[in-house]
Amino acid sequence: MSDQMNGGVTDTCIDPGKLFVGGLSWQTTPDSLKQYFQKFGELKECFIMCEPNSQRSRGFGFITFRNTEDCDKAMSVEHHILDGKKIDPKKKKVPTATLR
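Right, let's walk through the structure included here. (Residues numbered from 1 in each chain as written. Predicted model: local features only at pLDDT ≥ 70, side-chain atom pairs only at ≥ 80, totals over all residues. Heavy atoms only, no water.)

## Let's talk about the overall build of the protein
Cut-off, in case you're wondering: Going along the chain from the N terminus, every DSSP run of H or I of four or more residues is numbered as a helix, and every run of E of two or more is numbered as a strand. Burial classes follow relative accessibility: with a 1.4 Å probe on protein chains only, a residue under 20% of its type's maximum area counts as buried, one over 50% as exposed, and anything between as partly exposed. Only heavy atoms matter for contacts: two residues are in contact if any of them lie within 4.5 Å across the pair. Reported accessibility uses the Shrake-Rupley method at a 1.4 Å probe radius. Residues are deemed covered only where the shown protein chains occlude them.
The number of helices and strands found in the protein is two helices and six strands. Across the protein, helices and strands are ordered from the amino to the carboxyl terminus as β-β-α-β-β-α-β-β. The burial tally for the protein puts 33% of its 100 residues in the buried class. Put simply, of all contacts in the protein between residues at least 6 apart along the chain, 64% involve residues at least 24 apart. Per element, the accessible surface of the protein, about 6,500 Å² overall, is 50% carbon and sulfur.

## Details of the packing of aromatic side chains
Rules: Ring pairs shown here join Phe, Tyr and Trp side chains whose ring centres sit within 6.5 Å, with only the six-membered ring taken for Trp; geometry is labelled stacked below 30 degrees between planes, edge-to-face above 60, and tilted in between.
Going through the model one piece at a time under the given rule, you end up with eight aromatic pairs. With a centroid separation of 6.4 Å and 75° between ring planes, the pair formed by Phe 37 and Phe 65 is classed as edge-to-face. Here the residue Phe 37 occupies a position in helix H1 (residues 30–37), and Phe 65 occupies one in strand S4 (residues 57–65), the gap between them amounting to 28 residues. Among the residues examined, Phe 37 registers a relative accessible area of 0% and is labelled buried. Between Phe 47 and Phe 62, the ring centres sit 5.5 Å apart and the planes meet at 40°, which makes this aromatic pair tilted. Within this pair, whereas Phe 47 is found in strand S3 (residues 43–50), its partner Phe 62 is found in strand S4, the two being separated by 15 residues in sequence.

## As for the environment of Lys 39
Topologically, Lys 39 is positioned in the loop between H1 and S3. Overall, Lys 39 belongs to the exposed group, its relative accessible area being 57%. Each C-alpha atom of the pair Lys 39 and Asp 70 lies 9.2 Å from the other, and the pair is 31 residues apart in sequence.

## Description of the side chain of His 80
Where we set the bar: As used in this structure description, the phrase polar contact means that two N or O atoms lie within 3.5 Å; if the pair is within protein, one of them must be able to donate a hydrogen and the other to accept it, and residues adjacent in sequence are counted only when both atoms belong to side chains.
With respect to the secondary-structure elements, His 80 resides in strand S5 (residues 80–82). At 2.9 Å, the side chain of His 80 forms a polar contact with the backbone oxygen of Ala 74. Discounting chain neighbours no more than four positions away, the residues touching His 80 are Tyr 36, Phe 37, Phe 40, Ala 74, Lys 85, Lys 86, Ile 87 and Pro 89.

## Thoughts on the nonpolar core
Cut-off, in case you're wondering: Take the buried Ala, Val, Leu, Ile, Met, Phe, Trp, Tyr and Cys residues and link them wherever side-chain atoms come within 4.5 Å; each set so joined is a nonpolar core.
With 16 residues, the main nonpolar core has Leu 19, Val 21, Leu 33, Phe 37, Ile 63 and Phe 65 as its most contacted residues. Those elements giving two or more residues to this core turn out to be strand S2 (8–22), H1, S3, S4 and helix H2 (68–75). Those residues in contact with Leu 33 that lie beyond four places of it in its chain are Val 21, Leu 24, Thr 28, Cys 46, Phe 47, Ile 48, Ile 63 and Leu 82.

Here it is in structure tokens:
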């Protein structure tokens, strides 16, 4: 899939081990997010996006698995519940420039 950006062409690819996780509870911490997804495999990184001034969660974060098979295991689960709330993990799309 291609997107036009600033007159150049970029392709959007998926980082195979990275997930966007939306729908997080305000009570979810990076540790609880990490603990939940570690049951699918080893993580390289895990963080929750916060408001810069208040440091309050913005309700979403990102996790990266060490290998794609573990990411696929997590994505094969139909419903994810964390801190009493249904969360919505999706494969992270990463734009990459292409030369033509």
